[in-house]
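In case you want the letters, here they are:
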Amino acid sequence: MNGRIRVRDALAAAEAGGKILVKGWVRTVRAGKEITFLAVNDGSCMANLQVVVEPGLANYQQVSHLSTGSALVARGVLRESPAAGQRYELAAGEIQIVGTADETYPLQKKRHSFEYLRTIAHLRPRTNTFGAVFRVRSSLAQAIHRFFAERGFLYVHTPIITANDCEGAGELFRVTTLNMAKPPLDRGEVDYSGDFFAQATGLTVSGQLEGELFAQTFSDIYTFGPTFRAENSNTARHAAEFWMIEPEMAFADLLADAALAEEFLKFLCRHVLDNCTEDMNFFNDQIDNGLLQRIEAVASSSFAVMEYTEAIDHLKKATVPFAFPVEWGLDLQSEHERYITEQVVGGPVFLINYPRDIKAFYMRQNDDGRTVAAMDLLVPKVGEIIGGSQREERLDLLLERMGQLGINEEGLWWYLDSRRWGSCPHAGFGLGFERLLMYLTGMENIRDVIPFPRTPRHAEF
RNA sequence: UCCCCAAUAGCUCAGUCGGUAGAGCGGGUGGCUGUUAACCACCAUGUCCCUGGUUCGAGUCCGGGUUGGGGAGCCA
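Quantities reported herein were computed from a predicted structural model and do not represent experimental measurements.

Asks: Can you tell me about the packing of helix H6 (residues 254-275) against helix H8 (residues 291-299), naming the residues and giving the values?
Replies: H8 packs onto H6 with a crossing angle of 135° between their chain directions and a minimal axis gap of 8 Å. One element, H6, and the other, H8, form an angle in the oblique class. In this structure, H6 crosses over H8, and the sense of that crossing is left-handed. On H8, the residues that touch Leu265, Lys266, Cys269, Arg270 and Leu273 of H6 are Leu292, Ile295, Glu296, Val298 and Ala299.

Listed below in structure tokens is the structure:
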């Protein structure tokens, strides 16, 4: 628009000499009496366009006094840069100062801590690191849609508001229009019959159950949307609001599920390596020196598969001390998962067939009577990154399991119906988008890969 | 929610044995320079997180709190 060219395209021009117009924000100014250099960035790439300004310019005085953060429009000739550091630069013929930034601008041309930048989340995208994070985030989201689209998966929008809290009480955010100062009571309990939905509702913790219903029409589907957990988790890996990808395939078993997960993760590794090269190189240089090597290794590896029972054997034989006990029937802790993927396998590994009693009610019971068809994909450095299962398609066994766990059938009548008519084997998995992003960028805190993080006590911006 | 650590200039930090605070960067001014987080000189900037206590005297020691960070659990 208005003939503007993005910095990314200007820097990638086939040859110098063109008259161009760029619009962006000043990252640094190196000003002098005889010449001034402005580094201009418009978010299209990490690299800045060097704008060279000489005293002949009408407003040279004002331009040489610009400071970091200012917005401007620059017109001039793209030419080869005589100095090192950039191939092209813009010889300014005209600079229009659009918006100045005074000395109170919080971003300085120096390194800031991530903790500080979190307090100015509205400005941090203007830094190199967060610019890279959010470019990769955008690119990766589009790659995810492309992956599934190319394979014939239907994209389904499952509800954000739900009355379904079957995955564990107390973790839902409540959604209500009741007067919180004076809620209607019935025998001491809040009476939701007069609430907007005439029942207790909350924000979704997973689209899986609805996703299963669509899989039994469209064969292969996926969801990709916001997910909410009201848990008081204070860690670098948890947010109250995050985005989750949940594919579901009909006529698929656990191994087909694992095969999809493997293809999916490799595709995304390859995608960022091939399409986000500049930003990935930055992460490798500045954030995590082993990043490119690790992602390249995952992209070209073949994932191992290991039974839970075998993993327990390995852990029992381990010579390293663990803080938590290892026993068949107990869930694996992060330390155990990392030992398996890093020390035993030395790469990505699917752990499959977990004890029934530590897994969710909807997972398919195996013939051994004590395990279910669950899988977790473990990767070096982070541990579990994908969790999935083959679902229990047999109505009687599903009802039996729900009964054992005290799960109310009435609220899930629609889910159970899917096992009444045309039930079929099906399987799926869930992947936390931010955790994927952490894995692929080397960023170590989930609050630094989501634009405006929501965590306990934090809903600013 | 539990355990551990931290909080000093706009930012990143130092501050010895308890004696009323410094550096670098950033900012301002000037100089200089086809510069690359430019460089050089000068200048300005503090609720030492809050609160109570010990002490002649607390940034420093002790109690309580707040906020942040790391780890764990929960999980994606």
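Asks: A description of helix H5 (residues 208-218) should follow, citing residues and the corresponding values.
Replies: Turning to H5, its buried residues number three or more, namely Gln208, Leu209, Glu210, Gly211, Glu212 and Ala215. Buried-residue contacts for H5 involve strand S7 (161-162), strand S12 (220-228), strand S13 (241-250), helix H12 (413-417) and strand S18 (426-432). Ser219 sits one or two positions beyond H5 and adopts a positive phi of about 70°.

Asks: Quick one: what's the story with the pattern of salt bridges, residue by residue and with numbers?
Replies: Across all of its chains, the model carries 24 salt bridges by this definition. For Arg394, the salt bridge is made with Glu392, and the minimal N-O distance between the two is 2.7 Å. Here the residues in one salt-bridge network are Glu212, Glu248, Arg391 and Arg419, joined through shared partners.

Asks: Account for the side chain of Asp257, with residues named and values stated.
Replies: Along the chain, the position of Asp257 falls in helix H6. Buried charge without a partner: Asp257 forms no salt bridge, and the closest opposite charge is Arg391, 5.9 Å away. Here Asp257 is in contact with Met249, Met375, Gly388, Ser389, Ala427, Gly428 and Phe429, once residues within four sequence places are set aside.

Asks: Give me the sheet that holds strand S5 (residues 88-99): which residues, what numbers.
Replies: The mixed closed barrel is built from five strands, whose spatial order is S1-S2-S3-S5-S4. Each strand of the sheet is rotated relative to its neighbour by a mean of 55°, with strand direction disregarded. Note that strand S3 (residues 49-53) and S5 share three bridges and pair parallel. Of the residues in S5, the one forming a bridge with Val52 is Ala91.

Asks: How would you explain a negative patch on the surface if you had to name every residue and give the values?
Replies: Taken together, the side chains of Glu307, Glu310, Asp313, Asp367 and Asp368 define an acidic patch exposed on the protein surface. On the secondary structure map, Glu310 appears in helix H9 (residues 308-317). Residue Glu310 is classed as partly exposed on the basis of its relative accessible area of 37%.

Asks: Got a sec to walk through the side chain of Asp376? Specific residues and values, please.
Replies: With respect to the secondary-structure elements, Asp376 resides in strand S16 (residues 371-379). For Asp376, a relative accessible area of 5% puts it in the buried group. Side chain to side chain, Asp376 and Tyr354 meet in a polar contact 3.3 Å long. Residue contacts for Asp376: discarding those within four places in its chain leaves Glu337, Val349, Phe350, Leu351, Tyr354, Lys359, Glu384, Ile386, Gly387 and Gly388.

Asks: Account for the packing of aromatic side chains, naming residues and giving values.
Replies: Considering all chains together, one arrives at 23 aromatic pairs under this definition. Aromatic pair Tyr155 and Tyr222: ring centres 5.0 Å apart, planes at 15°, arrangement stacked. Of this pair, Tyr155 sits in strand S6 (residues 154-155) while Tyr222 sits in strand S12, and the two are 67 residues apart along the sequence. With relative accessibility at 33%, the residue Tyr155 sits in the partly exposed group. For Tyr222, a relative accessible area of 3% gives the class buried. Where Phe303 meets Phe350, the ring centres are 6.0 Å apart and the plane angle is 45°; that geometry is what we call tilted.

Quick notes on the rules
Residues numbered from 1 in each chain as written. Chains lettered and ligands numbered in written order. Predicted model: local features only at pLDDT ≥ 70, side-chain atom pairs only at ≥ 80, totals over all residues. Heavy atoms only, no water. Axes fitted to C-alpha atoms, helices over the stretch in contact; angles between N-to-C directions. Helix = DSSP H or I, 4+ residues; strand = E, 2+ residues; numbered from the N terminus. Parallel < 35°, antiparallel > 145°, perpendicular 65-115°, else oblique. Left-handed = near helix turned anticlockwise from the far one by under 90°. Contact = heavy atoms within 4.5 Å. Buried < 20%, exposed > 50% of the residue type's maximum accessible area, 1.4 Å probe, protein only. Salt bridge = Lys/Arg side-chain N within 4 Å of Asp/Glu carboxyl O. Lys, Arg positive; Asp, Glu negative; His and termini not counted. Pairing = 2+ DSSP bridges. Patch = residues over 30% accessible without salt bridge, like charges linked within 9 Å, V, L, I, M, F, W, Y side chains within 5 Å. Areas by Shrake-Rupley, 256 points an atom, 1.4 Å probe, with all protein chains shown as cover. Charge placed at Lys NZ, Arg CZ, Asp CG, Glu CD. Polar contact = N/O pair within 3.5 Å; in protein donor to acceptor, adjacent residues only side chain to side chain. Phe/Tyr/Trp six-rings, centres within 6.5 Å; stacked < 30°, edge-to-face > 60°.

Scope: geometric values only; no functional claims are made or implied.
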